Amino acid sequence: MRKTFLGCFIIILCLKNIQNANPVFSCNFDDGNCPNGVFTFNQSSYYVSITETQLISGTPYKLTDVTSIITPTNNGKVCDLPFTEFNYEYNHCYNYLGKYGCPTVESGGKGDCKLGKFVVGKTATNGAPISIKGTTSEITLPSSGIYELSFYVLMFTNITDMTFGDDFIQVSVDSVLNPSQSIKSEKYDYKNIGKANVWEKKSFMFDSTEEKIIIRVEFVRSNNAAKGGYFGFDQFEIFTATSMTTTTISPTTTTLTTTTSPATTTSTTINPPATTTPTTSFTPKLSTTTTISSTIFTSTTTFKTPSTKTPPTTTPTPLTTNTTPATSPPTTTTSTTTTTTKTPLTKTPSTTTTTTSTTTTTPTTYNF
């Protein structure tokens, strides 16, 4: 008896990042650049720069960096955002007579903000399309592996339908060995960036086979939108993915074995979720003996029906055997022909017929 076993294994890898660990690299631009070197741009300083504040054209509103709103003010408490000044909703520090400050949490009153710097990009005042690209110097990772990049982004344009200009920010992790290849890249527009004119924290995972990478940031306006647009990027950090969980799921393999007599064994393996219908074939053994001696005629027919185990159940077609001995005159020996019909079997069972006549009497014909 032969049995076949087929196993199937599914491995699911779950990555868990822990951000309370120290980053392997960070840059908040507060010193005007990143620790590893200069952050370079493909446009003039009119369109992109690293600065403390940025005035939004046609308004008294100024953008400030991430440090200014997440670092405690001089009263020890952080800004309570948003707040309203002169009918504007502020999500940044406000310029109070030359000092940038904000109302603080827990009714702490106003506090003076600690300003840092951020990368700001802008279009021309007429809202014409533009593509600004900034890149870091090479960043060295501790080793190849899986990391998380977190950062803050901001976009704003002073029109009712902000999507009109098709503005977006693209953040990419690039290979140093192959600069034209991005290890991972994500696009943020007004559909997924969050609230306009607000620093939104984003992050994504990337798997680097290299120890040296470059961070690339692009500010893009695709269509003319009549008014200027503003883009911001600040405070990016790289963390190691410090925990990995592996789950293995092994589906049960079902083996179905069907054995028939005398010597046929059919083994069928059912492997979920597919369903297999086994087919069972068998060859019954048929033995027929006919003897005519004097006035004694003996006919014995034996049919053995094989036993089957469910599934499946197979019913053989009934077998009919006709034996008609011929009438012979005295002292004449005649062979009797026995015909066996089997349907749907492909092999004709062996049939042995022996006829013996030792008297002159006419034997009687028997039909079966």
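These figures come from a predicted structure and were not determined experimentally.

Reading the values: rules and limits
- Residues numbered from 1 in each chain as written.
- Predicted model: local features only at pLDDT ≥ 70, side-chain atom pairs only at ≥ 80, totals over all residues.
- Heavy atoms only, no water.
- Helix = DSSP H or I, 4+ residues; strand = E, 2+ residues; numbered from the N terminus.
- Contact = heavy atoms within 4.5 Å.
- Areas by Shrake-Rupley, 256 points an atom, 1.4 Å probe, with all protein chains shown as cover.
- Pairing = 2+ DSSP bridges.
- Axes fitted to C-alpha atoms, helices over the stretch in contact; angles between N-to-C directions.
- Buried < 20%, exposed > 50% of the residue type's maximum accessible area, 1.4 Å probe, protein only.
- Phe/Tyr/Trp six-rings, centres within 6.5 Å; stacked < 30°, edge-to-face > 60°.
- Lys NZ or Arg CZ within 6 Å of the ring centre and 35° of its normal.
- Core = buried A, V, L, I, M, F, W, Y, C linked by side-chain atoms within 4.5 Å.
- Disulfide = S-S within 2.5 Å.
- pLDDT = per-residue confidence, 0-100.

Summing up its helical and strand segments, the chain has one helix and 27 strands in all. Sequence-distant contacts in the chain: of pairs separated by 6 or more residues, those separated by 24 or more amount to 70%. For the chain, the computed accessible surface area is about 20300 Å², with 51% contributed by carbon and sulfur atoms.

Quick look at the sheet that holds strand β9 (residues 94–96) now. What the three strands build is an open sheet, ordered β9-β10-β11; its pairing is antiparallel. If you trace the sheet from one side to the other, it starts and ends with β9 and β11 (110–112), each paired once. Here the average twist between neighbouring strands, direction ignored, is 50°. Both strand β10 (residues 99–103) and β11 contribute to a ladder of three bridges, which runs antiparallel. Each bridged residue has a counterpart across the sheet, and for cysteine 102 the counterpart in β11 is glycine 111.

Moving on, we come to the pairing of strand β13 (residues 130–135). Judged by which residues are buried, β13 turns out to be one-sided: Ile130, Ile132 and Gly134 face inward and are buried, whereas Ser131, Lys133 and Thr135, on the alternate face, are not. Bridge analysis of strand β3 (residues 40–41) against β13 gives two bridges, and the strand direction is antiparallel. Its bridge partner being in β13, threonine 40 is matched across the sheet by threonine 135. Pairing analysis gives six bridges linking β13 to strand β19 (residues 212–221), with the strands arranged antiparallel. Paired with isoleucine 130 across the strands is arginine 221, a residue of β19.

Structurally, lysine 110 is set in strand β11. On the accessibility criterion, lysine 110 (53% relative accessible area) is exposed. Sequence separation of lysine 110 and cysteine 79 is 31 residues, and the distance between their C-alpha atoms is 8.4 Å.

What the rule picks out here adds up to 18 aromatic pairs. Following the ring pairs from residue to residue traces out a cluster consisting of Phe25, Phe29, Phe39, Phe41, Phe151, Tyr188, Phe204, Phe233 and Phe236. In this arrangement the basic side chain of lysine 122 is found over the ring face of tyrosine 46, its NZ or CZ atom lying 4.7 Å from the centre. Lysine 187 extends its terminal NZ or CZ atom over the ring of phenylalanine 168, reaching a point 4.3 Å from the ring centre.

What follows concerns the nonpolar core. The biggest cluster of nonpolar side chains holds 33 residues, and the ones touching the most others in it are Phe29, Leu149, Phe151, Ile169, Phe233, Phe236 and Ile238. With five residues, strand β15 (residues 145–157) is the largest single contributor of residues to this core. Those residues in contact with leucine 149 that sit more than four places away from it in its chain are Val171, Val173, Lys202, Ser203, Phe204, Phe206, Ile215, Phe236, Glu237 and Ile238. Counting residues in each nonpolar core, the second largest holds 20 residues, with Leu63, Tyr90, Leu154 and Trp199 among its members.

To continue, consider the state of the cysteines. Following the criterion strictly, the structure yields three disulfides and no others. Counting only the cysteines that form disulfides, in the order they appear in the chain, gives the pairing 1-2, 3-5, 4-6.

Time to look at the confidence of the model for the chain. Of all residues in the chain, 60% have pLDDT values of 70 or greater, and the mean over the chain is 73. Note that pLDDT drops below 50 for residues 244–270; the model gives that stretch 78 contacts with residues more than four away or on any other chain. Long-range and interchain partners of residues 272–368, a stretch whose pLDDT sits below 50, account for 132 contacts in this model, where long-range means more than four residues apart.

Here cysteine 93 is to be found in the loop between β8 (88–90) and β9. A relative accessible area of 1% means that cysteine 93 is categorised as buried. Sequence separation between cysteine 93 and lysine 62 is 31 residues, and the spatial gap between their C-alpha atoms is 8.1 Å.

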